[in-house]
Amino acid sequence: MKKRILTGIIMGLILLPVVIVPELITVFELLIILFSVLASFEVLNMFDKEKKLPLGVKILCVVLTLMLYSSIVNNFAICENTLVCRLLSCFRFQLDMFLTLTIIFLCVMSCMLFVPHFDAGDAGRCFTEIMYIGITFATFTVLRAYGIRFIIYLLIITVATDIFALVFGLNFGKHKMAPTISPKKSWEGAIGGTAVALIIGFLFLYFYPYFAPLFHDGEQISFFAGVFNYEIFSEPGLIFFMILLTLCMSICSQIGDLVASKLKRTYGIKDFSNIFPGHGGILDRFDSTLFASAIFLLFLQFESIINPALFGVL
């Protein structure tokens, strides 16, 4: 426990400034790219427990993961000043999403012809790693480009859910939530963690305009200013909207944790790696945050489909 706490403190002291300080945005992007490479190898090495993949295939998967990551980031206009987009523009190259997905498909499927003993099951595992890591790390980068506040909100939800699910689970947990996936998780813990995260997350959203000047050079703005227009909500509708969003994020963070636990249980491992003493690997520490970030960005992109006016009557 002491090792876990010490590692957590060191991680916080190093990672929080990188995530929050605007001047360190390039360091943040480099760190995300490094973490995505390490996470890719964590997943690929996990697959070795069932059937060992050739090193060349693993390297190919990592390259394709970075291609997917780059194409997603490059697809958002808000990311034009990111490191990836600047590098692509230097070479006057636009990494189209369809082109990237086609290359990924052709490369992985071709391995069944040119790599001995590489079968459809191996192809499926490669696709899983590429999509899982490429999409989640890219969405985290895009959210950071939208604004620091989105990352802070996401971290508040996922960290609060994780911590208080453990607290409530240890003290009140009697009903197993997913005994075949994660035997220690209970419904009491899940509900307690979500309840606390819901309160904290809602308060952050509702009162954000009051402390927004800290993040916007003295300017007072709403949380979704310039991204999602919910000013047309009635007051009750706005409150309902914030509660629903925070509830969804907390639940999705727990789903992300269970997805990672299912993968580990399937392949008989306790942790993805031991990069962080007492915490495990990249995915052990950030699985819920990464999964929730993908859902969060997906929600933001549904603005033109899920019109806030639908809630205006509330």
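Note that the structure is predicted; figures quoted are calculated from it, not measured.

(A) Looking closely at the overall build of the chain. Tallying secondary structure elements over the chain gives ten helices and two strands in all. For the chain, the succession of helices and strands along the chain, N to C, is α-α-α-α-α-α-α-β-β-α-α-α. Here the C-alpha radius of gyration of the chain, 20 Å, is about what a compact globule of 314 residues would show, namely 20 Å. Taken over the C-alpha atoms alone, the chain extends approximately 60 × 55 × 40 Å along its principal axes. Residues counted as buried form 47% of the 314 residues belonging to the chain. By element, 70% of the accessible surface of the chain is carried by carbon and sulfur atoms, the whole surface being about 16000 Å².

(B) Layout of the packing of helix H2 (residues 25-47) against helix H10 (residues 282-301). Look at H2 against H10: their axes get within 10 Å of each other, and the N-to-C directions meet at 110°. Compared by their axis directions, H2 and H10 come out roughly perpendicular. On the side of H2, the interface is formed by Phe 35, Leu 38, Ala 39, Glu 42 and Val 43, while H10 contributes Ile 282, Leu 283 and Phe 286. Considered class by class, the residues forming the contact of H2 with H10 number seven nonpolar, no polar and one charged.

(C) Looking closely at the pairing of strand S2 (residues 182-186). Relative to S2, strand S1 (residues 176-178) runs antiparallel, the two sharing two bridges. Within S2, the position partnered with Lys 176 by the bridge is Ser 186.

(D) Fine view of the pattern of salt bridges. As enumerated under the stated definition, the model contains ten salt bridges in all. Notably, a salt bridge pairs Arg 125 with Asp 122, separated by 2.8 Å at the nearest N-O pair. Here Asp 122 and Arg 125 lie together in helix H6 (residues 120-146), a separation of three residues that amounts to about one turn. Relative accessible area serves as the criterion here: at 1%, Asp 122 is assigned to the buried category. For Asp 257, the salt bridge is made with Lys 185, and the minimal N-O distance between the two is 2.6 Å.

(E) Structural detail: the layout of surface pockets. Taken as a whole, the second largest pocket holds about 340 Å³ of empty space. Contributing elements (two or more residues each) for the lining of the second largest pocket: H2, H6 and helix H7 (148-172). A per-class count over the lining of the second largest pocket returns eight nonpolar, six polar and four charged.

(F) Just the state of the cysteines, in detail. Here the structure, examined in full by the defined rule, presents zero disulfides. In this model Cys 248 remains outside any disulfide bridge; the closest cysteine sulfur is found in Cys 252, 3.9 Å from its own.

(G) Molecular detail of the packing of aromatic side chains. If you walk through the whole model with that rule in mind, you get 26 aromatic pairs. For the ring pair Phe 204 and Phe 211, a centre distance of 5.5 Å and an interplane angle of 45° mean the geometry is tilted. Overall, the relative accessible area of 9% leaves Phe 204 in the buried class. For the pair Phe 224 and Phe 241, a centre-to-centre distance of 6.4 Å together with 75° between the ring planes defines the contact as edge-to-face.

(H) Layout of the nonpolar core. Ranked by size, the top nonpolar core spans 80 residues in total, and within it Phe 137, Tyr 153, Phe 223, Phe 224, Phe 296 and Leu 300 carry the most contacts. Looking at which element gives the most residues to this core, the answer is H6, with eleven residues. The contacts of Tyr 153, once residues within four sequence positions are left out, are Gly 201, Phe 204, Leu 205, Phe 223, Leu 245, Thr 246, Met 249 and Phe 296.

(I) Seen up close, the side chain of Glu 129. Its location among the elements puts Glu 129 in helix H6. With residues up to four places along the chain from it excluded, the contact list for Glu 129 reads Ser 40, Val 43, Leu 44, Phe 47, Cys 61, Thr 65 and Gly 134.

Analysis parameters
- Residues numbered from 1 in each chain as written.
- Predicted model: local features only at pLDDT ≥ 70, side-chain atom pairs only at ≥ 80, totals over all residues.
- Heavy atoms only, no water.
- Helix = DSSP H or I, 4+ residues; strand = E, 2+ residues; numbered from the N terminus.
- Rg over C-alpha atoms; globule rule 2.2 N^0.38 Å.
- Buried < 20%, exposed > 50% of the residue type's maximum accessible area, 1.4 Å probe, protein only.
- Areas by Shrake-Rupley, 256 points an atom, 1.4 Å probe, with all protein chains shown as cover.
- Axes fitted to C-alpha atoms, helices over the stretch in contact; angles between N-to-C directions.
- Parallel < 35°, antiparallel > 145°, perpendicular 65-115°, else oblique.
- Contact = heavy atoms within 4.5 Å.
- Nonpolar A, V, L, I, M, F, W, Y, C, P; charged D, E, K, R; others polar.
- Pairing = 2+ DSSP bridges.
- Salt bridge = Lys/Arg side-chain N within 4 Å of Asp/Glu carboxyl O.
- 1 Å grid on protein atoms, 1.4 Å probe; cavity = no way out; pocket = protein on both sides within 12 Å on 5 of 7 lines; lining within 4 Å.
- Points joined across faces, edges and corners; volume = space filled by probe spheres on them.
- Disulfide = S-S within 2.5 Å.
- Phe/Tyr/Trp six-rings, centres within 6.5 Å; stacked < 30°, edge-to-face > 60°.
- Core = buried A, V, L, I, M, F, W, Y, C linked by side-chain atoms within 4.5 Å.

Remember that the coordinates give geometry; whether it matters functionally is a separate question.
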